[in-house]
Amino acid sequence: MHRLRTTVVRLRPIAAPQTAKSQSQARLAAVGGALRTFQPMRSYTASVSAEPFLNGTSSNYVEEMYYAWLENPRSVHKSWDIFFRNANAGAPPGAAYQSPPPLGGAALGLANAQAMVGVQPNVEKLVEDHLAVQSLVRAYQIRGHHVAQLDPLGIMAAIDPGPPPSDIITSNDKLDLSGYKERLYDLTAEEFYGLDESDLDKVFRLPTTTFIGGSESTLPLREIIQRLEMAYCQSIGVEFMFINDLEQCQWIRQKFERPGIMQFTLEEKRTLLARMVRSTRFEEFLQRKWSSEKRFGLEGCESLIPALKTIIDKSSMNGVESIIMGMPHRGRLNVLANVIRKELDQIFCQFDSKLEAADEGSGDVKYHLGMWHRRINRVTDRNITLSLMANPSHLEAVDPVVQGKTKAEQFYCGDTEGNRVMSILLHGDAAFAGQGVVYETFHLSDLPSYTTHGTIHVVVNNQIGFTTDPRVARSSSYPTDVAKVVNAPIFHVNADDPEAVMYVCNVAAEWRATFHKDVVVDLVCYRRNGHNEMDEPMFTQPLMYKQIKKQKGVLQKYAEKLIAEGAVTRQEYEEEIAKYDKICEEAHTRSKDEKILHIKHWLDSPWPVCVCFFKMDGQPKSMTSPSTGLTEEELGHIGHIASSVPVEDFTIHGGLSRILKGRAAMVGQRVCDWALGEYMAFGSLLKEGTHIRLSGQDVERGTFSHRHHVLHDQNVDKRICIPMNHIAPNQAPYTVCNSSLSEYGVLGFELGFAMASPNALVLWEAQFGDFHNTAQCIIDQFICPGQAKWVRQNGIVLLLPHGMEGMGPEHSSARPERFLQMCNEDPDAYPKFSAEEFAVRQLYDCNWIIVNCSTPANYFHVLRRQILQPFRKPLIVFTPKSLLRHPDAKSNFDDMLTGTHFQRLIPDSGPVCEKPDGVKRIVFCTGKVYYELTRERKNRGMDNTVAIARIEQLSPFPFDQVKVETDRYPNADLVWCQEEHKNQGYYDYVKPRLRTTVDRTRPVRYAGRGPAAAPATGNKAAHLVELQRFLDTAFNLDAFTGQS
Ligand SMILES: Cc1ncc(C[n+]2csc(CCOP(=O)(O)OP(=O)(O)O)c2C)c(N)n1
Ligand SMILES: [Mg+2]
């Protein structure tokens, strides 16, 4: 009731001089002190005891009702309507309440009440006018950005604002009141909340949801409009009213509404000018020296450089020590030079095509390379590490990778709130709106195991994508609308107003530091040249480019402004330019001495422990792979953890109890199934100090309900237990996390996570192997060629469930043919390595490792080898589905003991070994089909005549071990058997390699499904017929007779 009274009091008419100073001061105190909480202003002037039906606890309710009544008097009960009308009309305490009319006498009671209201006609008008002002304020807050002057070109291609909102007074000359006067005349009273020109000098009390008053709590309407225009309709357009958090909205309001808030010191202005000089003159220098080279210049958005520097300065001030950035082509060299501070001569020598590359690998073009640099931030005098991630041409693909790397850095330095490490992502307008991975990345932003606690997004919104206009490139008003999905505030800013740019960047950095949530800065700019320096933009955007040709450069405009203000002299400005030009010239001269190009100077992610992991020259410490086995005791201990619940009073599901009992029984019998093999690998690595992170859809339980790494208490909501974190006191942490339903975003994220440190096993599991195709870009552009392009090793593991099990065309194939086709190994050349080093040298040279394990023990070994080997390579594992529970697909502890290791090829150890000369055929295969082959062989009684060898590591191909097998059975023909279709699977990859192994002395035959467009049939019966048919071929010793 206090609040109600207060509100009512504040709606009373007041004359201009009678401003309620005390109230405005109270409000300021609330705002000025602790900015994070905003109390509505209160004035305890009326006595609550006079209203007997009200008490302290009902005041909230009444206030809600009051606001509802203000919006629409009919939305509350008639009795409340009468009460509020009477209270507004100035009824003394106690008199405003009218008891509800007796049944049947309603008409009389209401008539009396209405009679009382009726005697105060001008109060209603007053309430309406105040409400109108409140609505007006709100309209500017919500839609002011639609009429802000965002476009430096004045053609508004950047946004599609539609007709000007009728509830905002707009004019081209925002400060000329005649503009909105004119508009006021045009507007009908209804359109403009019933306000008209005669109201302009009336004074209104400001609602608590605005800060335009500064120290005033009341203002004349004219001033209110002017201040709203200043706050929301100048060079900055703020989109934030969709945020469903009052505190955050208030925070933003006060950042943009407080009068005089955008003022800069002389020093700040001069620094800004100097940064603009660097940004502009850098591009001009490149243009002068290499006019015909592609560089995707920044011309038209030069204020990007001060924008980024402002964000970095402010974040450094707030304690950030490391910033990881991702960006596309536009302005990249400028960012490297002037933000990351890569040596200019290193950049310039990238333009010299004659330089010889010093490092292995194929390298990348200059505007894709990454960079890492630690330096002192001049503004804060603190150390800051900046890294710009290398990226492919595929726009926005780097977004999740940056997030993953940021998360990893936060994780390894114990930065649980993102106070020390943060990310900045830059985007082009067309790509930001068009690429789905942007959306996927936003959806990771607030998930516990994926959040980086707020990313600052900066959009270089040059109102064009290559040759395409925004009107045909997106369906949303702004390119930034996608950010609304996570309630990120969006600050649109005219990039030709560098001070406004600097201001919003400061606010964005403060927002991130305060709320740890994403924020977007939309730099509305233009592109002075074509898409690249060789492109003619007049072909497609003639009028836009006529305007651009007339457009004065932003540096010139800003310099003139500062000179006119007296902030700098023309001479100082010219000296600044000459100084930077000289720096560029000198660096250029130095760059000519450079003879060799070092790609490793462009490394974006040097490992913090690289000195321990590699030798000083970057080579592996040794070229041996240690044994990956464990002691009996270790196996027993981890097996025990895997089959128990290591916390007290924790009730698990009955079905899970049975699973754990089954595990315990297996441990008792010294055997492992797939899940237990994985447990052994993870558990032992954790114990040895390797952090493990397993991420993907439903990985915690496992798609096939076999893993159960997270136990859920059946009686307490959200109470969980992760036994893997109870292996040993000093173990490394285990992170297992169900991801959002994304492949592109999540795989990119995990790849980024894996980049941060070699001492972590980072695994991404696809729900079914074929789903990796929606992450194809991460695989093709990063995982496969990452080391070759950017001299950066990465040990990420992909677990891809694969197998033809009659489940139809989807869910069957993880597309091994695609991974195999992208291996860098020569199929026609037998590697020339010594026998001892064969395996490890092959691994060292390959671009990735591809395995299809047929036993839990081998899966266990390959996971452990991934960490114990002295370098890092991506590992692709085709994982089983039905084999998870296949009674034969179990391994004995003996195969996992100390001294054992991963078997690249598992030879036949059955009766064929006794009389190898009598073996007529060797069937080579991989994965699950092995079990189908052995069953068929047994059924046919061919255990002595057909040998079956499993190629467990497909790439690098185990030439040496295959040779041992082909030599062992000199009279056997060679068959490759696979369950996949002939144009899929492994055949095309394996065949030339088998031929190379036997020096083309024996043909390689095929037993498998015929070629097909789809990976599998949708008909179970057809599936079984196909299976039997190719098994027949595999065991029919005459099947290939007569074939050449
Ligand atoms: C995923 C992807 N698709 C297409 C392209 C080809 N392409 C390169 S730049 C470009 C236009 C990008 O426009 P925008 O995002 O607005 O950036 P701008 O070049 O205007 O700075 C396109 C379509 C690409 N690089 N990546
Ligand atoms: Mg663009």
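Residues numbered from 1 in each chain as written. Chains lettered and ligands numbered in written order. Predicted model: local features only at pLDDT ≥ 70, side-chain atom pairs only at ≥ 80, totals over all residues. Heavy atoms only, no water.

With respect to the overall build of the protein chain
Across its full length, the protein chain carries 34 helices and 28 strands. For the protein chain, the residues scored as buried account for 58% of the 1044 residues in total. Surface exposure of the protein chain reaches about 41,500 Å², of which carbon and sulfur atoms provide 52%. (Helix = DSSP H or I, 4+ residues; strand = E, 2+ residues; numbered from the N terminus. Buried < 20%, exposed > 50% of the residue type's maximum accessible area, 1.4 Å probe, protein only. Areas by Shrake-Rupley, 256 points an atom, 1.4 Å probe, with all protein chains shown as cover.)

Concerning the sheet that holds strand E24 (residues 921-925)
Spatial ordering of the open sheet is given by E23-E25-E24-E27-E28, a layout of five strands whose pairing is mixed. Only two strands of the sheet have a single neighbouring strand rather than two, namely strand E23 (905-906) and strand E28 (1004-1009). Pairing between E24 and strand E25 (residues 946-951): five bridges, direction parallel. Residue Cys925 lies in a different strand from E25, and its bridge partner there is Arg950. The strands touched by helix H31 (residues 929-940) within the sheet are E24, E25 and strand E27 (973-981), with E25 carrying the most contacts at an inclination of about 170°. (Pairing = 2+ DSSP bridges. Contact = heavy atoms within 4.5 Å. Axes fitted to C-alpha atoms, helices over the stretch in contact; angles between N-to-C directions.)

What to know about the coordination of the magnesium ion (ligand 2)
Note on metal sites: the ideal angle is 109.5 degrees for four tetrahedral donors, and 90 or 180 degrees for six octahedral donors. Only Asp429 (OD), Asn462 (OD1) and Ile464 (O) from the protein coordinate the magnesium ion (ligand 2), and they sit 2.0 Å from it. All donor residues of the magnesium ion (ligand 2) come from one chain, and their arrangement in sequence is D-x32-N-x1-I. Of the two residues, Asp429 sits in helix H15 (residues 429-434) while Asn462 sits in the loop between strand E9 (455-461) and strand E10 (490-494), which places them 33 residues apart along the sequence. In this pair, the class of Asp429 matches that of Asn462, namely buried. (Donors = N, O, S within 2.8 Å, 3.2 Å for Na, K, Ca; no water.)

Side note on the packing of aromatic side chains
Evaluated as defined, the whole model comprises 31 aromatic pairs. An aromatic cluster is present here, built from Tyr830, Phe833, Phe838, Phe957, Phe959 and Tyr989 joined pairwise through their rings. (Phe/Tyr/Trp six-rings, centres within 6.5 Å; stacked < 30°, edge-to-face > 60°.)

Quick notes on the sheet that holds strand E8 (residues 421-428)
Sheet architecture is open: eight strands sit in the order E3-E10-E11-E9-E8-E4-E7-E6, paired in mixed fashion. Each end of this open sheet is capped by a strand with a single partner; those strands are strand E3 (236-239) and strand E6 (371-377). Neighbour-to-neighbour, the strand axes of this sheet turn through a mean angle of 20°, independent of strand direction. In this structure, E9 lies alongside strand E11 (residues 519-524), joined through six bridges in parallel fashion. Among the inter-strand pairings, His457 is bridged to a residue of E11, identified as Val520. Sitting on the sheet, helix H14 (residues 398-412) touches strand E4 (322-326), strand E7 (382-388), E8 and E9, and the angle it makes with E8 is about 175°. Strands E3, E8, E9, E10 and E11 of the sheet are contacted by helix H17 (residues 498-515), whose axis makes an angle of about 165° with E10.

Side note on the site of ligand 1
Of all residues adjacent to ligand 1, which total 15 residues, the nearest are Arg330, Ser393, Asp429, Ala430 and Asn462. Within the backbone of Ala430, one N or O atom sits 2.9 Å away from an oxygen atom of ligand 1. When ligand 1 sits alone it has 580 Å² of accessible area, and the protein chains cover 75% of it. For the shell around ligand 1, the element with the highest residue contribution is H15, accounting for three residues. Tallied by class, the residues present in the shell around ligand 1 amount to five nonpolar, eight polar and two charged. (Near = heavy atom within 4 Å. Polar contact = N/O pair within 3.5 Å; in protein donor to acceptor, adjacent residues only side chain to side chain. Nonpolar A, V, L, I, M, F, W, Y, C, P; charged D, E, K, R; others polar.)

A look at the pairing of E28
Burial of E28 is extensive: six of the six residues sit out of reach of the surface. Bridge count for E27 against E28 is five bridges, and the pairing is parallel. Looking at the pairing, Leu974 lines up with Val1004 of E28. In this view, the connection linking E27 to its parallel neighbour E28 by way of helix H33 (residues 987-997) has right-handed handedness. (Right-handed = clockwise from strand over helix to strand, strands pointing away.)

Section: the side chain of Arg1005
Here Arg1005 is to be found in strand E28. Here Arg1005 sits buried without a salt bridge, and the closest side chain of opposite charge, Asp973, lies 5.6 Å off (N-O distance). A polar atom in the side chain of Arg1005 sits 3.1 Å from the backbone oxygen of Gln1043. Once residues within four sequence positions are removed from consideration, Arg1005 is found in contact with Leu974, Val975, Trp976, Phe1040, Gln1043 and Ser1044. (Lys, Arg positive; Asp, Glu negative; His and termini not counted. Salt bridge = Lys/Arg side-chain N within 4 Å of Asp/Glu carboxyl O.)

Concerning the pattern of salt bridges
For the structure shown, the criterion picks out 53 salt bridges. As a salt-bridge pair, Glu586 and Lys582 come within 3.4 Å of each other at their nearest N and O atoms. With Glu586 and Lys582 both in helix H20 (residues 570-593) and four residues apart, this pair spans about one turn of that helix. With a relative accessible area of 53%, Lys582 lands in the exposed category. A salt bridge links Lys928 to Glu979; the nearest nitrogen and oxygen atoms lie 2.5 Å apart. On the criterion of sequence distance, the pair formed by Lys928 in the loop between E24 and H31 and Glu979 in strand E27 is long-range, its members being 51 residues apart. Accessibility expressed as a relative area gives 10% for Lys928, which makes it buried. Shared partners join several salt bridges into a network, and the residues in it are Lys269, Glu499, Lys561 and Glu565.

A word on the nonpolar core
Counting residues in each nonpolar core, the largest one holds 172 residues, and the members touching the most others are Leu304, Phe348, Ile424, Val458, Leu523, Leu798 and Phe924. Setting aside residues no more than four positions away along its own chain, Phe348 makes contact with Phe282, Phe285, Leu286, Trp290, Cys584, Ala587, His588 and Ser591. Grouped together as the second largest cluster of nonpolar side chains are 55 residues, Ala642, Ile727, Val736 and Tyr844 included. (Core = buried A, V, L, I, M, F, W, Y, C linked by side-chain atoms within 4.5 Å.)

Digging into the packing of H14 against helix H16 (residues 436-444)
Look at H14 against H16: their axes get within 8 Å of each other, and the N-to-C directions meet at 25°. As the angle between them shows, H14 and H16 are arranged roughly parallel. Mapping the contact onto sequence places Asp399, Pro400 and Gln403 in H14 and Val437, Val438 and Thr441 in H16. For the contact of H14 with H16, the class distribution of residues is three nonpolar, two polar and one charged. (Parallel < 35°, antiparallel > 145°, perpendicular 65-115°, else oblique.)

Considerations on unusual backbone geometry
Each neighbour pair has its own omega, and for Ser955 with Pro956 the value is -5°, a cis peptide bond. Locating Pro956 in the fold gives a position in the loop between strand E26 (953-955) and helix H32 (959-968). Positive phi is not limited to glycine here, since Arg341 has a value of about 70°. Following the sequence through the fold, Arg341 ends up in the loop between helix H12 (332-340) and helix H13 (344-349). Backbone geometry at Gln463 places phi at a positive 65°, although glycine is not the residue there. Position of Gln463 among the secondary structure elements: in the loop between E9 and E10.

Some words on H32
Every buried residue belonging to H32 is among Phe959, Asp960, Val962, Glu965 and Thr966, and all of these are buried. Of the surrounding elements, those touching the buried residues of H32 are helix H29 (838-845), E23, E24, E25, E27 and H33.

Digging into the side chain of His706
Relative to the helices and strands, His706 is located in the loop between strand E14 (691-696) and strand E15 (711-712). Since its relative accessible area comes to 11%, His706 is described here as buried. The contacts of His706, once residues within four sequence positions are left out, are Arg663, Ala675, Arg701, Leu884 and Arg885.

Some remarks on the pairing of E8
By the criterion of burial, E8 is predominantly enclosed, with eight of the eight residues buried. Burial along E8 is two-sided: Val421, Ser423, Leu425 and His427 and Met422, Ile424, Leu426 and Gly428, pointing in opposite directions, are all buried. Examined bridge by bridge, E4 and E8 share five bridges and lie parallel to one another. Bridging from a neighbouring strand, Ile323 pairs with Met422 of E8. By the bridge criterion, six bridges tie E8 to E9 in an arrangement that is parallel. Across the sheet, residue Leu426 finds its bridge partner in E9, namely Val458.

Side note on the environment of Val127
Examined against the element boundaries, Val127 turns out to sit in helix H6 (residues 121-147). Along the chain, Val127 and Arg85 lie 42 residues apart, while their C-alpha atoms are 9.8 Å from each other.

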